[in-house]
Amino acid sequence: MAGLKTVRQPDLVLITLTRNPLVPGFARRIVSVPAIGRADPYKATLIPNGLLVTALNCLLDDLKIVYKKHQM
């Protein structure tokens, strides 16, 4: 079995966010950021109470964004 290589699985960063629905245009803020894999290059922007837009600008350079709106 010489020459076999393992396939690297994609990293997964889950961002939970909040915003004030009573204030139009209120900035979305990060609540938590669990990561599966390596999120080291992005840790400076993936901080609780940090702005979502800052984190997304950093992540969009290298990653695919998948968005799901949670209904309450």
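For clarity, every value in this text was computed on a predicted model and none was experimentally measured.

**Some details on helix 1 (residues 52–59)**
And step 1. Along helix 1, the residues that are buried comprise L52, A55 and L59. End-on view of helix 1: buried residues confined to an arc of 65°, all on one side of the axis.
And step 2. Buried positions along helix 1 lie against strand 2 (16–18) and strand 3 (29–32).

**Looking at the confidence of the model for the protein**
And step 1. In the predicted model, the protein carries a mean pLDDT of 80, and 82% of its residues have values of at least 70.
And step 2. Per-residue pLDDT, averaged within each element of the protein, yields its smallest value for strand 1 (residues 12–13) (81) and its largest for strand 3 (91).

**Here's the deal with the environment of S32**
And step 1. Among the structural elements, S32 can be located in strand 3.
And step 2. Under the relative-accessibility criterion, S32 is labelled partly exposed at 29%.
And step 3. Separated by 18 residues in sequence, S32 and G50 place their C-alpha atoms 9.7 Å apart.
And step 4. Among residues more than four places away in sequence, those in contact with S32 are L14, I15 and T16.

Basis of the calculations
Residues numbered from 1 in each chain as written. Predicted model: local features only at pLDDT ≥ 70, side-chain atom pairs only at ≥ 80, totals over all residues. Heavy atoms only, no water. Buried < 20%, exposed > 50% of the residue type's maximum accessible area, 1.4 Å probe, protein only. Helix = DSSP H or I, 4+ residues; strand = E, 2+ residues; numbered from the N terminus. Arc of directions from axis to C-beta. Contact = heavy atoms within 4.5 Å. pLDDT = per-residue confidence, 0-100.

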